[in-house]
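Structural overview for review
Below are the chains, spelled out letter by letter.
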Amino acid sequence: MALMITDECINCDVCEPECPNEAIYLGPQIYEIDPARCTECVGHHEQPQCVQLCPVACIPVNPQHVESRETLMQKYLRLQAEKPASAA
Ligand code: SF4
Ligand code: SF4
């Protein structure tokens, strides 16, 4: 499942640099998560890094993007394949 950031976000900037998929970005008002890039950290970490770090616990599962672990792994592999060779 991709995760999402709710409007309880306090824009603390902690999560964005820790996302291994560069899925988190600053939106018009608060940080947002690109569901096409969030693998719930599958492929990188045992636990979602953003959820572990968020001080206000405002990162639930995105109900619009419920995905199995296998689907998340496929997304991880696609994102890895898209990376430039120099950054792999
Ligand atoms: S769960 Fe992982 S991949 Fe998804 S937004 Fe959070 S840090 Fe990024
Ligand atoms: S860690 Fe939580 S509060 Fe901080 S920017 Fe990310 S989502 Fe917002």
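Reading the values: rules and limits
Residues numbered from 1 in each chain as written. Chains lettered and ligands numbered in written order. Predicted model: local features only at pLDDT ≥ 70, side-chain atom pairs only at ≥ 80, totals over all residues. UniProt positions renumbered as here; feature names shortened; annotations may be inferred. Helix = DSSP H or I, 4+ residues; strand = E, 2+ residues; numbered from the N terminus. Buried ≥ 20, exposed ≤ 12 C-beta atoms within 10 Å, placed from the backbone. Contact = placed C-beta atoms within 7 Å. Near = placed C-beta within 6 Å. Nonpolar A, V, L, I, M, F, W, Y, C, P; charged D, E, K, R; others polar. Core = buried A, V, L, I, M, F, W, Y, C linked by C-beta atoms within 7 Å. Expected span 1.5 Å × (residues − 1).

The name given to the protein chain in an unreviewed UniProt entry is 4Fe-4S ferredoxin, and the organism recorded there is Hylemonella gracilis ATCC 19624. Note on the protein chain: under the UniProt heading Cofactor (unreviewed entry), the record states "[4Fe-4S] cluster".

Turning to the overall build of the protein chain, a few remarks are in order. Counting its regular elements, the protein chain contains two helices and two strands. Shown N-terminal to C-terminal, the secondary structure of the protein chain runs as helices and strands in the order β-β-α-α. With the C-alpha coordinates of the protein chain rotated into their principal frame, the extents come out at 35 × 30 × 25 Å. By the burial criterion, 25% of the 88 residues in the protein chain qualify as buried. Pairs at least 24 residues apart make up 71% of the contacts formed inside the protein chain by residues separated by at least 6 positions.

With that out of the way, let us pick up the site of ligand 2. As a matter of local geometry, ligand 2 sits amid 14 residues, with Cys 9, Cys 12, Val 14, Cys 15 and Cys 54 nearest to it. Of the residues contributing to the shell around ligand 2, the split by class is 12 nonpolar, one polar and one charged.

The next thing to look at is unusual backbone geometry. Although it is not a glycine, Cys 41 sits at a positive phi angle of roughly 70 degrees. Here Cys 41 lies in the loop between β2 (31-33) and α1 (49-53).

The next point concerns the nonpolar core. Counting 13 residues, the largest nonpolar core has Leu 3, Cys 15, Ile 24, Ile 33 and Cys 50 as its most contacted members. Look past the residues within four positions of Ile 33 in its chain and what remains in contact with it is Ala 2, Leu 3, Met 4, Ile 5, Ala 23, Ile 24 and Cys 38.

Position of Glu 32 among the secondary structure elements: in strand β2. Separated by 27 residues in the primary sequence, Glu 32 and Ile 59 place their C-alpha atoms 9.7 Å from one another. Other than its neighbours up to four places away in sequence, Glu 32 contacts Ile 5, Tyr 25 and Gly 27.

Another aspect to go through is the environment of Pro 20. For Pro 20, the position within the fold is in the segment before β1 (24-26). Between the C-alpha atom of Pro 20 and that of Pro 48, which follows or precedes it by 28 residues, the distance is 9.8 Å. The contacts of Pro 20, once residues within four sequence positions are left out, are Cys 41, His 44, His 45 and Gln 49.

Another point: helix α2 (residues 69-82). Counted at 1.5 Å a residue, the expected span for α2 with its 14 residues is 20 Å, and the 20 Å between its end C-alpha atoms agrees. Counting buried residues along α2, only one of its 14 residues qualify, which leaves the element largely exposed.

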